[in-house]
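# Understanding the architecture of this molecule
Read off the chains here:
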Amino acid sequence: MLNVGWGRAALPFPDELGLFGFGPGGGRGIAVPRGGPDHDQLEARALWLEGGAERLLVIGVDLVAGSRLVQQKLHDVLAARGLRLAQDRVLIVGTHTHSGPGHYIGNFYDVFGVWPPGTRLDVVRIIVEAAARAALQAYAEARPSRVAIGRRILWRAGRNRSLRAFHANFREPAEWS
């Protein structure tokens, strides 16, 4: 039997941050009002898996990618709050949205992917704190579970927030979009 837990927390970034990939600030896209139907709240989501002596924490963030800098700081914060894991048992993955800020990766992407360039520790702290809240919720709410894996083609499960720009890539509208 496997113990599984799930947690989530909002990523409350300030509006003045540029988006990763040179977009407008606030994580909303162009002319999308906060709280409107097209405003997607960025989140950190945690999946806790525990079976026997094996434990794994997977954190998904609505950002362009994971970050070793965030992973290391999250590992330390969780240990300080009583959740001690080997560092390789804490995984950070990004949904690859460009509707979130950069400034948190800690390498050349913080120079070439955002404006103004540079790593910002305040952004790193926001991500780490949200990821820690989600992780601790997932750990606290873990329950005995059965896990199964299936496979199926799933059409129309996502959406392209820049559909007009996407269609501009084709001479004729794509039938499958």
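Along every chain, residues carry numbers that run from 1 in the direction the sequence is written. Two thresholds apply to this predicted model, a pLDDT of at least 70 for residue-level local features and 80 or more for giving and counting side-chain atom pairs, whereas whole-chain, interface and lining totals are computed over all residues. Heavy atoms from the whole structure form the basis of all side-chain values; hydrogens and water molecules are not counted.

Another aspect to go through is helix α1 (residues 68-80). Comment: elements are numbered from the N terminus, with helices defined as DSSP H or I runs of at least four residues and strands as E runs of at least two. Expected span of a helix, by definition, is 1.5 Å for each gap between consecutive residues, and there is one gap fewer than residues. For α1, which comprises 13 residues, the first-to-last C-alpha distance of 18 Å matches the rise-based estimate of 18 Å (1.5 Å per residue) to within 8%. Type-normalised accessible area, obtained with a 1.4 Å probe on protein chains alone, sets the label of each residue: buried when under 20%, exposed when over 50%, and partly exposed for intermediate values. Among all positions in α1, only V70, Q71, L74, H75 and L78 are buried. When α1 is viewed along its axis, its buried side chains cluster within an angular range of 135° and face the same direction. Contacts described as polar in this section are N or O atom pairs within 3.5 Å, which, within protein, must combine one atom able to donate a hydrogen with one able to accept it, while residues neighboring in sequence count only if both atoms come from side chains. You can read the cap of α1 off the contacts: a side-chain oxygen lies 3.2 Å from the backbone nitrogen of L69, and it is on S67. Of the residues trailing α1, G82 is marked for its positive phi of about 100°. Note: the arc covers the axis-to-C-beta directions of the helix.

Glancing now at the sheet that holds strand β2 (residues 43-51). Here, a strand pair is defined by DSSP locating no fewer than two bridges between the strands. Spatially, 5 strands are ordered β4-β3-β2-β1-β5 in an open sheet, and the strand pairing comes out mixed. Each of the sheet's edge strands pairs with one partner strand only, and the pair in question is β4 (90-94) and β5 (143-145). When the angles between neighbouring strand axes are averaged without regard to direction, this sheet yields 25°. Note that β2 and strand β3 (residues 54-61) share 8 bridges and pair antiparallel. Looking at β3, one finds that G51 is bridged to E54. Axis definition: a line fitted to C-alpha atoms, limited for helices to the stretch in contact. Angles are taken between N-to-C directions and run from 0 to 180 degrees.

Let's shift gears to helix α3 (residues 121-140). For α3, built from 20 residues, the straight-helix expectation of 28 Å at 1.5 Å per residue is met to within 8% by its first-to-last C-alpha distance of 28 Å. Those residues of α3 that sit buried are V123, V124, I127, V128, A130, A131, A132, A134, A135 and A138. Whether two residues are in contact is decided by their heavy atoms, any of which lying within 4.5 Å being enough. Among the structural elements, β1 (2-10), β2, β3 and α1 are those in contact with the buried residues of α3.

For the rest of this paragraph, the subject is the packing of α1 against α3. The description of two packed helices rests on the angle between their axes and on the distance between the axes. Contact geometry of α1 with α3 gives a least axis separation of 9 Å together with a crossing angle of 50°. On the basis of the axis angle, α1 is oblique to α3. As for the relative orientation of α1 and α3, their crossing is right-handed in sense. Contacts between α1 and α3 pair L69, V70, K73, L74, V77 and L78 from the former with L121, V124, I127, V128, A131, A132, A135 and L136 from the latter. Angle categories: roughly parallel below 35 degrees, roughly antiparallel above 145, roughly perpendicular from 65 to 115, and oblique for all the rest. Rotating anticlockwise by less than a right angle from the far helix to the near helix defines a left-handed crossing, while the corresponding clockwise rotation defines a right-handed one.

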